[in-house]
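Chain by chain, the residues run as shown.
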Amino acid sequence: MSVTSVTEIDDLVREVQSCYPSADEALLRRAYEFSARAHEGQTRRSGEPYLQHPLAVAGILTFLKLDVTAIVAGLLHDTLEDTVATQEELQTHFGDEVAHLVEGVTKIGQIPFRTYEEKQAENFRKMLLSMADDIRVVFIKLADRLHNMRTLGHLPERKQKQIAQETLEIYSPLANRLGMSGMKQELEDLCFQYLKTEAYSMLKLRVAQRDEERQDYVQSIIQDTVDALAKAGLPGRVVGRPKHLYSIHQKMESQGITFEEVHDLVAIRVITDAKINCYTILGVVHEAWPPVPERFKDYIATPRTNLYQSLHTTVLGPQGDHVEFQIRTEEMHRLAEYGVAAHWRYKEQVKVDERDEKVFSWLRQFVEWHRDLSDNRQFMDSVKLDLFHLDVFHDVVFAFTPKGEVKELPLGSTPVDFAYAIHTQVGDHCVGAKVNGKIVPLRQALTSGDTVEILTSSTQVPKKEWLKFVSTSRAKAKIKHFLKGEEQKQGLELGRRLLEREFRRRELSSTQLGQVDRLSQVAVERGYESVDEMTRMVGYGRLSAARLVNWLVSPDTGSAKDKEPRVPKTASAQGPLKPVKVMGGRDVLMQLSKCCAPVPGDPILGYMTRGRGLTIHAKGCPKLEIMDYEYDRLVEVEWPSTVDEKHSVKVCVLTFDRPGVLANVSSAIAASKANISRAEITTREDRKAILDFMIEISDTRHLELALEGIGRVDGVISAKRVREWEHS
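Residues numbered from 1 in each chain as written. Predicted model: local features only at pLDDT ≥ 70, side-chain atom pairs only at ≥ 80, totals over all residues. Heavy atoms only, no water.

## Some words on the overall build of the protein
Argument step 1. Helix and strand counts for the protein stand at 25 helices and 20 strands.
Argument step 2. Per-residue burial for the protein yields a buried fraction of 50% across its 728 residues.
Argument step 3. Within the protein, contacts between residues at least 6 apart in sequence are counted, and of these 67% link residues at least 24 apart.
Argument step 4. When the accessible surface of the protein is totalled, it reaches about 35500 Å², and 50% of it is carbon and sulfur. (Helix = DSSP H or I, 4+ residues; strand = E, 2+ residues; numbered from the N terminus. Buried < 20%, exposed > 50% of the residue type's maximum accessible area, 1.4 Å probe, protein only. Contact = heavy atoms within 4.5 Å. Areas by Shrake-Rupley, 256 points an atom, 1.4 Å probe, with all protein chains shown as cover.)

## Some words on helix 10 (residues 181-195)
Argument step 1. Between the first and last C-alpha of helix 10 there are 21 Å, a value that for 15 residues agrees with the 21 Å anticipated at 1.5 Å per step.
Argument step 2. Taking burial as the measure, the 15 residues of helix 10 include 11 buried ones, the bulk of the element.
Argument step 3. Every buried residue of helix 10 is listed here: Gly182, Met183, Lys184, Glu186, Leu187, Glu188, Asp189, Leu190, Cys191, Phe192 and Tyr194. (Expected span 1.5 Å × (residues − 1).)

## Some remarks on the packing of aromatic side chains
Argument step 1. Enumeration according to the criterion identifies 5 aromatic pairs in this entry.
Argument step 2. Ring geometry for Phe34 versus Phe94: centroids 5.5 Å apart, planes at 90°, classification edge-to-face. Here the residue Phe34 occupies a position in helix 2 (residues 25-38), and Phe94 occupies one in helix 6 (residues 87-105), the gap between them amounting to 60 residues.
Argument step 3. Taken together, the ring pairs in this structure connect Phe192, Tyr200 and Tyr246 into an aromatic cluster. (Phe/Tyr/Trp six-rings, centres within 6.5 Å; stacked < 30°, edge-to-face > 60°.)

## Comments concerning helix 14 (residues 330-338)
Argument step 1. Buried within helix 14 we find Met332, His333, Leu335, Ala336 and Tyr338.
Argument step 2. Lining the buried residues of helix 14 we find helix 3 (52-63), helix 10, strand 1 (237-242), strand 2 (266-272), helix 13 (275-288) and strand 5 (322-329).

## Some thoughts on the sheet that holds strand 8 (residues 430-435)
Argument step 1. Reading across from one edge, 9-8-10 is the order of the 3 strands in this open sheet, with antiparallel pairing throughout. Single-partner strands in this sheet number two, and they are strand 9 (438-440) and strand 10 (452-456). Neighbouring strand axes in the sheet, compared pairwise and without regard to direction, differ in orientation by 35° on average.
Argument step 2. Here 5 bridges tie strand 8 to strand 10, and the two strands are oriented antiparallel to one another. (Pairing = 2+ DSSP bridges. Axes fitted to C-alpha atoms, helices over the stretch in contact; angles between N-to-C directions.)

## Notes on unusual backbone geometry
Argument step 1. Even without glycine at this site, Lys673 takes up a positive phi of about 65°.
Argument step 2. Among the structural elements, Lys673 can be located in the loop between helix 24 (661-671) and strand 18 (675-683).
Argument step 3. The backbone of Arg687 sits at a positive phi, close to 65°, despite the residue not being glycine.
Argument step 4. Residue classification places Arg687 among the exposed residues on the basis of a relative accessible area of 62%.

## Some points on the sheet that holds strand 20 (residues 716-722)
Argument step 1. Reading across the sheet, the 4 strands line up as 18-19-17-20 and stay open at both edges, with antiparallel pairing between neighbours. Unpaired on one side and paired on the other, strand 18 and strand 20 mark the two borders of the sheet. Ignoring which end each strand starts from, the neighbouring axes of this sheet average 20° apart.
Argument step 2. Inspection of the sheet shows strand 17 (residues 647-656) paired to strand 19 (residues 688-697) by 10 bridges, in the antiparallel sense. Among the inter-strand pairings, Val651 is bridged to a residue of strand 19, identified as Phe693.
Argument step 3. Sheet strands touched by helix 25 (residues 700-711): strand 17, strand 19 and strand 20. Its angle to strand 20, the strand with the most contacts, is close to 160°.

## Description of the packing of helix 4 (residues 68-76) against helix 6
Argument step 1. With their axes 9 Å apart at the nearest point, helix 4 and helix 6 run at an angle of 95° to one another. As summarised for this structure, helix 4 and helix 6 are arranged roughly perpendicular, according to the angle between their axes. Judged by residue contacts, Thr69, Ala70, Val72, Ala73 and Leu76 of helix 4 engage Leu90, Phe94, Glu97, Val98, Leu101 and Val102 from helix 6. (Parallel < 35°, antiparallel > 145°, perpendicular 65-115°, else oblique.)

## Overview of the nonpolar core
Argument step 1. Judged by nonpolar contacts, the single largest core of 72 residues is most densely connected at Val72, Leu76, Phe94, Met149 and Met183.
Argument step 2. Top contributing element to this core by residue count: helix 8 (residues 136-150), with 8 residues.
Argument step 3. Of all hydrophobic cores here, the second largest spans 27 residues; its members include Leu519, Leu543, Val635 and Val637. (Core = buried A, V, L, I, M, F, W, Y, C linked by side-chain atoms within 4.5 Å.)

## What about the side chain of Arg721?
Argument step 1. Inspection of the secondary structure assignment puts Arg721 in strand 20.
Argument step 2. A distance of 3.1 Å separates the side chain of Arg721 from the backbone oxygen of Ala597, its partner in a polar contact.
Argument step 3. A polar contact of 2.9 Å, which involves the side chain of Arg721, links it to the side chain of Asp602. (Polar contact = N/O pair within 3.5 Å; in protein donor to acceptor, adjacent residues only side chain to side chain.)

## What to know about the confidence of the model for the protein
Argument step 1. For the protein, the mean per-residue pLDDT works out to 80, and 78% of the residues sit at or above 70.
Argument step 2. Low pLDDT (under 50) marks residues 390-394, which in the prediction has 17 contacts with non-local residues, meaning those over four places away or in another chain. (pLDDT = per-residue confidence, 0-100.)

## Structural notes on the side chain of His617
Argument step 1. Its location among the elements puts His617 in strand 14 (residues 613-618).
Argument step 2. For His617, a relative accessible area of 4% puts it in the buried group.
Argument step 3. Reaching out from His617, the side chain makes a polar contact with the side chain of Ser593 at a distance of 3.3 Å.

## Considerations on the packing of helix 3 against helix 8
Argument step 1. Contact geometry of helix 3 with helix 8 gives a least axis separation of 9 Å together with a crossing angle of 120°. Considered as vectors, helix 3 and helix 8 are oriented oblique to each other. Between helix 3 and helix 8 the crossing geometry is right-handed. Facing Gln52, His53, Ala56, Val57, Ile60 and Leu61 of helix 3, the residues of helix 8 in contact are Phe139, Ile140, Ala143, Asp144, Leu146, His147, Asn148 and Arg150. (Left-handed = near helix turned anticlockwise from the far one by under 90°.)

## Topic: the pattern of salt bridges
Argument step 1. Evaluation of the coordinates by the stated rule reveals 21 salt bridges.
Argument step 2. Through salt bridges with shared partners, one network takes in Asp10, Glu25 and Arg29. (Salt bridge = Lys/Arg side-chain N within 4 Å of Asp/Glu carboxyl O.)

## Re the environment of Val84
Argument step 1. Note on placement: Val84 falls in the loop between helix 5 (79-82) and helix 6.
Argument step 2. For the pair Val84 and His39, spaced 45 residues apart in sequence, the C-alpha to C-alpha distance is 9.2 Å.

## A word on the pairing of strand 2
Argument step 1. Of all 7 residues making up strand 2, 7 are buried, and the element is well covered by its neighbours.
Argument step 2. Of the two faces of strand 2, the one carrying Val266, Ile268, Val270 and Thr272 and the one carrying Ala267, Arg269 and Ile271 are both buried.
Argument step 3. In this sheet, strand 2 lies alongside strand 1 in antiparallel orientation, the contact comprising 6 bridges. If you follow Pro242 over to strand 2, its bridge partner there is Val266.

## Observations regarding the environment of Gly236
Argument step 1. By the secondary structure assignment, Gly236 is in the loop between helix 11 (197-232) and strand 1.
Argument step 2. C-alpha separation for the pair Gly236 and Ile281, spaced 45 residues apart in sequence, amounts to 8.9 Å.
Argument step 3. Discounting chain neighbours no more than four positions away, the residues touching Gly236 are Leu229, Ile271 and Thr272.

Take a look at the structure:
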């Protein structure tokens, strides 16, 4: 990204007026003078006056051809954070629009944060929300970050690496998603320089040496292309674009190759006047040099989400090495260089047309996807994942809705990802999908060109197992958000039931549980945010009901006395409590015990495991006998009336050792609509065989049907369910 250095206000005014001849020079100079007064006496780590930074930021915004309002905000962008200037002063002198932009860029400096990561998350969250109102906020922030990266050498090494890592993870991918390829490449190379200094220096030297050797070769390809266009009577200018250092380094790392094995260090770019000529020129290039199979991408017919358009093809050059060609129109080239910033002036129209609306719709959707994530770590992980996934051109698939709307998704995305890309409600209630008219599993990976129809049901809710196969951060975030809410509701309900039982066990009035003032007092004393949070900790198993009741009825209970009593089972609660429903085998707050692997239909009992919620055991499990004396941790549970999930059970089949018996048993299992996930065969000396299967069934009745079917197979002696404790 080549930006003319702006060091004086006269330089800036001249650059702005070259783009906007009618620009308000007085406004620019007034903003400069205001910034100069506000930052008077402040210096940067380099020793230069601080004013050089906002001036440089305004210069970058001018290069991006942003409007005068944004450039003025660039001159003032640090005044609210680093000086005594106020929002009211900015509004008075420069109007609400400028003041709003500056406020959107300003970091959250007044709020105390426990960690740098927490502050980083809140700063980025604020910027995202500001972007929803005015996209110029992110242009100013990116310009600010670019100049900071250019002058990073004056900071301590630890700070250099921290800022460079943050830039590489967030700001560089964000620039890419906005289509600002020049800024993205410069940010990546600067990050590379500070994060891997030795590798950067060595690669920079070797690329410079290679450029000298290959300069004549590249020029000959350019000239051959120019001659071929002239012969075909096609307009177009041809330029060679060297690959930036970080992309070369990434290729070497990902493919495990040496620098000498990297052949496409230069991309040839052909820029023409019309879309139809792009395809004609593609034919000319392929006629001159043979194309490399599977290295062609048509981003004109299917633009990327940031509206990037170009034809990409790789050919075998005159020396037999790979040469990449990018073919586009002048308008496509402008968008590729400046990205969404190139469309900013369209916002000044009274009515934004449909084409311009598409430029900004994906960004508003991106903001909306992450708006609901309250946990800082989850928020940042989601943002980084979403920015990173679509950062590389070839790692995407283009799938279509039945109405022909294109959805761009990361490679490996499934119908569930597609459903969430349409709308949260569609994702939450997704029960199935048709791909190209055929029903497919929800975990099936989509491919470019697929037409996907999502099937929904109002009774469906997100499943925890979906997290194992979804790819997009949106899908993962929405599923986790739902599961966390369910976990909190279940934890609260279970905590209340355990407390109620503890009150009954101690023959205390259950109305004491409803003493909100006393409960609130205990919650504050013990460091909980609310009564509900304290109660949830009981449901999660992180706080015992006995201890909480001790706090509640004995305010002076100290650490020496504050012990959880071991109560024999004979001290039963007065009156039965309604059992807790076990919502399937993969509940967010309840886990099925692996030792006895209960399935719906088995009599069950819950045990409060410290920190992990309820562990569900089958009644009769030997581990329950060991834990039986801990009555306060045992919870009555029951299966719901319907369970739509599959559960794994081990089945042991004894047969005569004869040909075809394994196939017949497998067919019998399949006929019962049970799925085999694992099978092992052991032969005995008495000419009998033991077939051990792990099969997936819905409940005990389904298991009985499967065992009955196996028992009818000729050669089968016995078939039974096996539990872990039966091996010991």
